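What follows is each chain in one-letter form.
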Amino acid sequence: MENVFKILVNGKDCQIKADPETPMLYILRNNLTLNGPKFGCGLVQCGACMMLIDGVAVPSCTYPLQNVGQSEVTTLEGLSQEGEQLHPVQQSFFEEQAAQCGYCTNGLIMASVALLRRKSNPSETEIRAELQRNICRCGIHARAIRAVKKLADR
Amino acid sequence: MEKNQQSRRAFIQSLGVLAIGFSMSGTACSRSEKQQADPSAPEIRTRELDMEEIDSWLVIREDGRVTIMTGKMELGQGITTAIAQVAAEELNMNMSLIDVHLAETGYTPDEGYTAGSRSIETSAMSVRRAAASAREYLLEMASQELSTPKIALTLEDGKISGQGKSTAIYTLLNGKYFETKISSDAPLYANSERKIVGRSVARMDIKSMVTGKSHFIHDLRFPDMVHARIVRPPAQAAKLTSVATQAISKLPGLAKFIRIGSLVAVIAEDEYQTIKLAKAVSHHLTWDYQKALPANRSLMQHIRSLPTDSKIDEKSEAWSDSTIANSPVRHRAAYFKPYIMHAANGPSCGIARYEDGKLWVWTHSQGVYPLRGALVDLLGLAEEHIHVKGVPGSGCYGHNGADDVAAEAALLAMEFPGRHVRLQWMREEENAWEPYGTAMVLEVEAGLDSQGRIKGWKYDLWSDDHGVRPGGDADNLMPAWYIEKGHGEAKSGFRGGATRNSEPYYTIPQLHLQSHIFRGPLRRSSLRGLGAYANVFAIESFMDELAEKANIDPIDFRIRHLNDERAIACLKQLANQIRSIKKQNQQGIGIGFARYKNQAAYCAVAAHVRVDQQTNKVEVIKLWAVVDAGEVINPDGLKNQIEGGMVQSISWGLMEEVNFDDTQVTNLNWDSYPILRFQEAPAIHIDVIDHPHEVPLGAGEAAQGPATAALVNAVYQATGIRVRQLPVIKALKHSALGLKLAEL
């Protein structure tokens, strides 16, 4: 029951042959060999798998391929192309060393990018509310909040 | 020598691709044999590894780079960076010229497990000595080669120069090994120069993480790799009784259905298909299992009712049963910590390939050599035919499912030879099958004299054992219980895990400590801090209770029972930090202190909380820590570890508890097993007291005990409710409902 889909990922047209119901997580990771989105829960509870759909942070673990349509899909890899400077949010997370194991990093950065696109100077309360969908088990919460706050305050 | 040079060159050339491949190593494998599981695998290293030799820790590469070999794993603690720092310091080399090769059988030294906050104390210090020895050795060589006195030569970024002459370290060695022991006389630049250690060097692996570069075992991909999923039984003690083979064989996309005893798995080319197949297969299996778990009764009472292996751990010579009874102030309390999860963000993952009698395993285990030993036992393969490579996983926080999933991948690879088999657990598997941090009960009784000094302290702890790791024993690999090949249940673990930090660090003239080890209802092993978490929670709660009885400030009360200046310094600095904090209504500030294992890092923590008395909502406003970890290699790395430890600890303490019905654990996702999230995350301030001339002390597990103690002590100050049974939120809810908590 595989169909062929044409989707736009990180600015590139991609042709994907897959079951239409396949969650985007598997398309991104396995068909397109992207590492950014991570499997965490498969239940939209942890945010490890977040991607941007037309600039909005969405968990990819249950988002079916057939729903993508003409939307622009962006992953962590798409925020800064090879050889280019890091996206400000990536740079800020690196500068603040806002990671330990780093498994949640993708989700935190994608959520933060989406927030800052929507609102360039979010308050700390808004940052926390936005990141509430993301799990971090290592406890880098204060650093992640600081990384985003720094950009909001610019 | 010729052979060594060749193999060394081949090894050096191969290092660049080690991240994705490896070959069998060890003398038992002939080099002429075709070894490779994948085309990118490097040539073998033909030397035996000797921990005392420079070569085991350090390889000079042709391009002037240096590769450090460590037996430790990167678990998110930043060990790769800290190890590169100590090497760079001794070799006077820019850190960008140093690579760190993580635990891999046959290549790196066997350093056992990456556990117990010991990586800096052991691996980094070995690397430091090896690098310093290498530097002195190379300078000697250069002195002869260039006919220049050693004292006139300097080594910088791999080049040795002086008196107008120069050479490079690779040229000097000319492809040969050092073939010399590590010298204990080599002076340490860490003591004199200290240009790189002691500084907050950014972890470059975080750059990979923020850009989505391949870093995790989950990111490894091999040509023709297939995906596997296990179909789990409904309970831990379960036996597969029937399989509807016909129906299963008709399922679309199934590359292979595997049954080994009661272990059931599916393999397919596509990962999502594999997940669907596992679900479909589960409907075609029948299991025999018992409703064996003690649901619906107080776990605290249940634990106390179990048979125990009891032992007196410490009894002071001066101990007298009447001391406490005759004290003017007496106090007694019991504390409880439930089972808690490692709950890694990324479920456990393993990859294995079996071909021509040889097995390759990629794993995020904390110990590649101990895992290899257990695989020998499980699979019946000879040790030299199993190669295990460590690859970072999601943070593990102790012994989680990493070894189990690697063993399962290995079992499946042997049933499906010639292909790389990737097995990743699903969220519900991770939650239901990982070995938890055990539930514990801690009972304390003490007597104070009229000056408020503790005269006698009696402590009884009930705990399952910890550290039920696989090291060489298949029985401690979970899949072994199901394959019905003569492996039994998990063996006993590590009693010392239960008693870790059970002895107070305070000066108390009469101590009586007893431990009672039970076999609890759930699978358990090592969770960050092991028994130290519960023991420090109990001791530090009780210290506060005693301080109140004696009407003495809690910090002063602790200081008057300490004779270690470094411990006192931590507490005094913590007192300075919190002195000016203005507490508002419904707020409290509590503290906790411990020296991890009574011999590692010192950590004093304060917590500022607000408890809404209408809703019992607990808000942790801010946490402070003062840490003395001896010589600090990377201050920001250390702070990151302490921050994380505190946040994880208050998450455990506030809200975490493994629940079960009569067959299985029921917290199968993040809704039923909530952890602290961003809206509840406290602000954090950490002071690190650096002692450059003291030995470095492990700190990764130093904060867990003190942070939860600080939390409950703060909650008491805010509410007058003394939480003795974790988690705090549940205890407050019970208290608000007027429920009588389980009595002793």
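Analysis parameters
Residues numbered from 1 in each chain as written. Chains lettered and ligands numbered in written order. Predicted model: local features only at pLDDT ≥ 70, side-chain atom pairs only at ≥ 80, totals over all residues. Heavy atoms only, no water. Helix = DSSP H or I, 4+ residues; strand = E, 2+ residues; numbered from the N terminus. Rg over C-alpha atoms; globule rule 2.2 N^0.38 Å. Contact = heavy atoms within 4.5 Å. Areas by Shrake-Rupley, 256 points an atom, 1.4 Å probe, with all protein chains shown as cover. Lys, Arg positive; Asp, Glu negative; His and termini not counted. Charge placed at Lys NZ, Arg CZ, Asp CG, Glu CD. Buried < 20%, exposed > 50% of the residue type's maximum accessible area, 1.4 Å probe, protein only. Pairing = 2+ DSSP bridges. Axes fitted to C-alpha atoms, helices over the stretch in contact; angles between N-to-C directions. Core = buried A, V, L, I, M, F, W, Y, C linked by side-chain atoms within 4.5 Å. Expected span 1.5 Å × (residues − 1). Parallel < 35°, antiparallel > 145°, perpendicular 65-115°, else oblique. Nonpolar A, V, L, I, M, F, W, Y, C, P; charged D, E, K, R; others polar. Buried area = accessible area lost by both parts, 1.4 Å probe. Salt bridge = Lys/Arg side-chain N within 4 Å of Asp/Glu carboxyl O. Polar contact = N/O pair within 3.5 Å; in protein donor to acceptor, adjacent residues only side chain to side chain. Phe/Tyr/Trp six-rings, centres within 6.5 Å; stacked < 30°, edge-to-face > 60°. Lys NZ or Arg CZ within 6 Å of the ring centre and 35° of its normal. Disulfide = S-S within 2.5 Å. pLDDT = per-residue confidence, 0-100.

1. Focus on the overall build of chain B
Of regular secondary structure, chain B possesses 20 helices and 24 strands. In terms of overall size, chain B behaves like a compact globule, its C-alpha atoms giving a radius of gyration of 27 Å where 744 residues would be expected to give roughly 27 Å. Taking the principal axes of the C-alpha coordinates as reference, chain B spans close to 80 × 80 × 50 Å. Residue pairs in contact within chain B that sit at least 24 positions apart in sequence constitute 78% of those at least 6 positions apart. Carbon and sulfur atoms make up 47% of the accessible area of chain B, which amounts to about 26200 Å² in all. Charge separation in chain B, taken as the distance between the mean sites of 81 positive and 88 negative side-chain charges, equals 3 Å.

2. Regarding the overall build of chain A
Broken down by element type, chain A carries six helices and five strands. Here the C-alpha radius of gyration of chain A, 15 Å, is about what a compact globule of 154 residues would show, namely 15 Å. Along the first, second and third principal axes, the C-alpha set of chain A runs to 50 × 30 × 25 Å. Counting all 154 residues of chain A, 68% fall into the buried class. Long-range pairs, those at least 24 residues apart, make up 56% of the contacts in chain A between residues at least 6 apart in sequence. Carbon and sulfur atoms provide 46% of the accessible area of chain A, an area that totals close to 6000 Å². Charge centroids of chain A, computed over 16 positive and 15 negative side chains, lie 6 Å from each other.

3. Overview of the sheet that holds strand β2 (residues 66–69) of chain B
Backbone hydrogen bonds hold the strands of a sheet together, and the pairing may be parallel or antiparallel. All names here are of chain B. Ordered by their spatial adjacency, three strands build an open sheet running β1-β2-β3, and the pairing between neighbours is mixed. The open sheet is flanked by β1 (58–60) and β3 (98–101), the only strands paired with a single partner. Between one strand axis and the next, the sheet turns through 20° on average, direction left out of account. Helix α2 (residues 79–91) contacts β1, β2 and β3 of the sheet and is inclined by roughly 135° relative to β3.

4. Remarks on the nonpolar core
Ranked by internal contacts, the top residues of the largest apolar core, which has 158 residues, are Phe93(A), Trp457(B), Ile642(B), Met646(B) and Val728(B). If near-sequence neighbours (up to four positions away) are discounted, Val728(B) is found in contact with Val618(B), Gly653(B), Leu654(B), Leu711(B), Val712(B), Val715(B) and Val723(B). Ala103(B), Leu263(B), Ala265(B) and Ala474(B) belong to the second largest nonpolar core, which has 46 residues in total.

5. Concerning helix α15 (residues 531–550) of chain B
Here α15(B) spans 28 Å end to end across 20 residues, near enough to the 28 Å set by a 1.5 Å rise per residue. Within α15(B), 17 of the 20 residues are buried, which leaves the element mostly enclosed by the surrounding structure.

6. Description of the packing of helix α6 (residues 141–152) of chain A against helix α18 (residues 635–655) of chain B
The contact between α6(A) and α18(B) brings their axes to 9 Å, and the two run at 115°. When the axes of α6(A) and α18(B) are compared, the pair comes out roughly perpendicular. Contacts from His141(A), Ala142(A) and Arg143(A) in α6(A) reach Asp636(B), Lys639(B), Asn640(B), Glu643(B) and Val647(B) in α18(B). Each residue belonging to the contact of α6(A) with α18(B) can be placed in one class, and the counts come to two nonpolar, two polar and four charged.

7. Here we look at the interface of chain B and chain A
With 62 residues of chain B in contact, the opposing surface of chain A contributes 53 residues. Taking both partners together, chain B and chain A bury about 4900 Å²; carbon and sulfur atoms supply 53% of that area. Area buried by chain B at its contact with chain A is led by Val210(B), Asn345(B) and Phe678(B), which between them contribute 18% of it. Between chain B and chain A we count six salt bridges in total. With a closest N to O distance of 3.0 Å, Asp636(B) and Arg143(A) form a salt bridge. Linking chain B to chain A there are 37 residue pairs in polar contact (both at pLDDT 80 or more). Broken down by secondary-structure element, the contributors of at least two residues to the side of chain B that touches chain A are α6 (205–211), α8 (271–282), β17 (420–424) and α18 of chain B. A breakdown of the residues in the side of chain B that touches chain A according to their chemical character gives 25 nonpolar, 21 polar and 16 charged.

8. With respect to the pairing of β17(B)
Residue and element names in this part refer to chain B. Across the five residues of β17, five count as buried, placing the element largely inside the fold. Side chains of β17 alternate between two faces, with His420, Arg422 and Gln424 and Val421 and Leu423 buried alike. Where strand β7 (residues 226–231) and β17 come together, three bridges link them in parallel fashion. Bridge pairing links alanine 228 to leucine 423 in β17.

9. Notes on unusual backbone geometry
All names here are of chain B. Leucine 726 connects to proline 727 through a cis peptide bond whose omega is 0°. One non-glycine residue, aspartate 157, adopts positive backbone phi at about 50°. Counting through the fold element by element, aspartate 157 comes out in the loop between β4 (154–156) and β5 (159–162). A relative accessible area of 31% means that aspartate 157 is categorised as partly exposed.

10. Focus on the sheet that holds strand β19 (residues 454–463) of chain B
Residues and elements named next belong to chain B. Pairing is mixed across the open sheet formed by five strands, whose spatial order is β12-β20-β19-β18-β13. Edge strands, defined here as strands with exactly one partner in the open sheet, are β12 (309–315) and β13 (329–337). Each strand of the sheet is rotated relative to its neighbour by a mean of 10°, with strand direction disregarded. Bridge count between β12 and strand β20 (residues 510–517): six bridges; the pairing is antiparallel. Bridging across to β20, glutamate 314 finds its partner in leucine 513. Docked against the sheet, α15 engages β13, β18 (440–448) and β19, running at close to 150° with respect to β13.

11. Quick look at the side chain of His466(B)
By secondary structure assignment, the location of His466(B) is in the loop between β19 and α14 (495–499). Among all residues touching His466(B), those that are not within four sequence positions of it are Thr438(B), Met440(B), Gly493(B), Phe494(B), Gly497(B), Ala498(B), Ser525(B), Ser526(B), Leu530(B) and Gly531(B).

12. Side note on the packing of aromatic side chains
All names here are of chain B. For the coordinates displayed, the defined rule picks out eleven aromatic pairs over all chains. On the basis of an interplanar angle of 75° and a centroid distance of 6.1 Å, the ring pair of tryptophan 433 and tyrosine 482 is categorised as edge-to-face. Separated by 49 residues along the polypeptide, tryptophan 433 in helix α13 (residues 427–433) and tyrosine 482 in the loop between β19 and α14 bring together distant segments of the chain. In this pair, the class of tryptophan 433 matches that of tyrosine 482, namely buried. Among the aromatic residues, those joined into a cluster by ring pairs are Trp433, Trp481 and Tyr482. The ring of tryptophan 462 has arginine 304 sitting right over it, with the charged end atom 3.9 Å from the ring centre. The cationic tip of arginine 722 hangs over the ring face of tyrosine 716; the distance from NZ or CZ to the ring centre is 4.5 Å.

13. A look at the side chain of Ser71(A)
With respect to the helices and strands, the residue Ser71(A) is situated in the loop between β4 (56–59) and β5 (72–74). Each residue touching Ser71(A), except ones within four places of it in the same chain, is listed here: Leu8(A), Ile53(A) and Asp54(A).

14. A few points about the environment of Lys582(B)
Relative to the assigned elements, Lys582(B) resides in the loop between α17 (565–579) and β21 (587–595). Separated by 295 residues in the primary sequence, Lys582(B) and Trp287(B) have C-alpha atoms spaced 60 Å apart.

15. Things to note about the state of the cysteines
All names here are of chain A. Taken as a whole and judged by the stated rule, the model has zero disulfides over all chains. The thiol of cysteine 14 is not disulfide-bonded; the next cysteine sulfur, from cysteine 49, is found 18 Å away. The thiol of cysteine 138 is not disulfide-bonded; the next cysteine sulfur, from cysteine 101, is found 3.7 Å away.

16. A word on the confidence of the model for chain B
All names here are of chain B. For chain B, the average pLDDT comes to 92, and 93% of its residues sit at 70 or higher. Note that residues 1–44 has pLDDT below 50 and, in this model, 118 contacts with residues that lie over four places away or in other chains. Among the prediction metrics, the complex's ipTM stands at 0.98, with pTM recorded as 0.94.

17. Points about the pattern of salt bridges
Residues and elements named next belong to chain B. Summed over all chains, the structure comprises 54 salt bridges over all chains. Arginine 128 is the salt-bridge partner of glutamate 631, the closest N and O atoms lying 2.8 Å from each other. Of this pair, glutamate 631 sits in the loop between β23 (618–628) and α18 while arginine 128 sits in helix α3 (residues 120–145), and the two are 503 residues apart along the sequence. Just as glutamate 631 is buried, arginine 128 falls in that class too.

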